[in-house]
Amino acid sequence: MTKVHDIMSKNVRVCTPHEPVTAAAKIMRDINCGSVPVCEGKKVVGLITDRDIVLNCVADGKDCSSIHCHDVMTSDVITCSPDTDAHDCARLMSDNQIRRIPVVQNGELVGICAIGDLATVDIHINEAGDALSDISRPLQ
């Protein structure tokens, strides 16, 4: 069985709650991703997405250099452990309509697992594809 620790990215860029939203946006641009964990030390306290920035800052005409990450981030973050089975991780993504899950061990961020990481694994019932389909469907 493939575990999350076998496929996750271990070198994760993060931002802090009090950094400006522009700092998170620059990380997303630099590493070509759509979300960044928000951490106090190594503890995940939130996740900020490009969508959070657009809907909660840009669309309201706010100054992204003066709005802090904690003002627009999602604070109820779904996480998993490094020992989570890849199939269970795919189900978590599907059930919660998310594309990335911070990987936490002993309360500290140790990696991140993205939908693309699951696609690299031989998941016999195409859970990565099913997860992506469920993630992309509108909420009822």
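It should be noted that the structure appears before, not after, this text.
(A) Broad picture of a nonpolar patch on the surface. Taken together, the side chains of Val54, Leu55 and Val58 make up a nonpolar region of the molecular surface, amounting to roughly 240 Å² of accessible area. Mapped onto the elements of the fold, leucine 55 is located in helix α3 (residues 50-58).

(B) Spotlight on the environment of lysine 10. Looking at the secondary structure, you find lysine 10 in the loop between α1 (4-7) and α2 (21-31). Classification of lysine 10 by relative accessible area gives exposed; the value is 61%. For lysine 10, the contacting residues outside a window of four places in its chain are His5, Val110 and Gly111.

(C) The side chain of aspartate 52, seen in detail. Mapped onto the fold, aspartate 52 is located in helix α3. For aspartate 52, which is buried and forms no salt bridge, the nearest opposite charge comes from arginine 51, at a distance of 6.4 Å. Aspartate 52 has contacts with Leu47, Cys57, Val72, Met73 and Thr74, leaving out every residue within four places of it along the chain.

(D) Representation of the environment of isoleucine 31. Counting through the fold element by element, isoleucine 31 comes out in helix α2. Since its relative accessible area comes to 39%, isoleucine 31 is described here as partly exposed. Separated by 18 residues in the primary sequence, isoleucine 31 and arginine 13 have C-alpha atoms spaced 8.5 Å apart.

(E) Layout of the layout of surface pockets. The volume enclosed by the second largest pocket comes to roughly 200 Å³. Along the walls of the second largest pocket sit 14 residues, with Ser9, Val12, Ile31, Cys33 and Ile112 positioned nearest its centre. In terms of residue count, the dominant contributor to the lining of the second largest pocket is strand β1 (residues 35-40) (three residues). Taken together, the residues that form the lining of the second largest pocket break down as eight nonpolar, three polar and three charged.

(F) Highlighting helix α5 (residues 86-96). When we look at burial in α5, the residues that qualify are Ala86, His87, Cys89, Ala90, Met93 and Ser94. For α5, the angular spread of buried residues about the axis comes to 160 degrees, placing them on one side. The opening residue of α5, the one whose side-chain oxygen lies 2.9 Å from the backbone nitrogen of histidine 87, is aspartate 85. Positive phi shows up at glutamine 97, right after α5, with a value of about 50 degrees.

(G) The pattern of salt bridges, seen in detail. Scanning the entire structure with this criterion turns up three salt bridges. Between lysine 62 and aspartate 60 there is a salt bridge whose closest N-O contact spans 3.9 Å. The class for aspartate 60 is exposed, based on a relative accessible area of 52%. For the salt bridge of aspartate 88 with arginine 91, the shortest nitrogen-to-oxygen distance reads 2.6 Å. Of the two residues, aspartate 88 and arginine 91 are both situated in helix α5; the distance of three residues between them amounts to about one turn of the helix. Since its relative accessible area comes to 36%, aspartate 88 is described here as partly exposed. Taking the relative accessible area as the measure of exposure, arginine 91 reaches 40% and is therefore partly exposed.

Conventions adopted
Residues numbered from 1 in each chain as written. Predicted model: local features only at pLDDT ≥ 70, side-chain atom pairs only at ≥ 80, totals over all residues. Heavy atoms only, no water. Patch = residues over 30% accessible without salt bridge, like charges linked within 9 Å, V, L, I, M, F, W, Y side chains within 5 Å. Areas by Shrake-Rupley, 256 points an atom, 1.4 Å probe, with all protein chains shown as cover. Salt bridge = Lys/Arg side-chain N within 4 Å of Asp/Glu carboxyl O. Helix = DSSP H or I, 4+ residues; strand = E, 2+ residues; numbered from the N terminus. Buried < 20%, exposed > 50% of the residue type's maximum accessible area, 1.4 Å probe, protein only. Contact = heavy atoms within 4.5 Å. Lys, Arg positive; Asp, Glu negative; His and termini not counted. 1 Å grid on protein atoms, 1.4 Å probe; cavity = no way out; pocket = protein on both sides within 12 Å on 5 of 7 lines; lining within 4 Å. Points joined across faces, edges and corners; volume = space filled by probe spheres on them. Nonpolar A, V, L, I, M, F, W, Y, C, P; charged D, E, K, R; others polar. Arc of directions from axis to C-beta. Polar contact = N/O pair within 3.5 Å; in protein donor to acceptor, adjacent residues only side chain to side chain.

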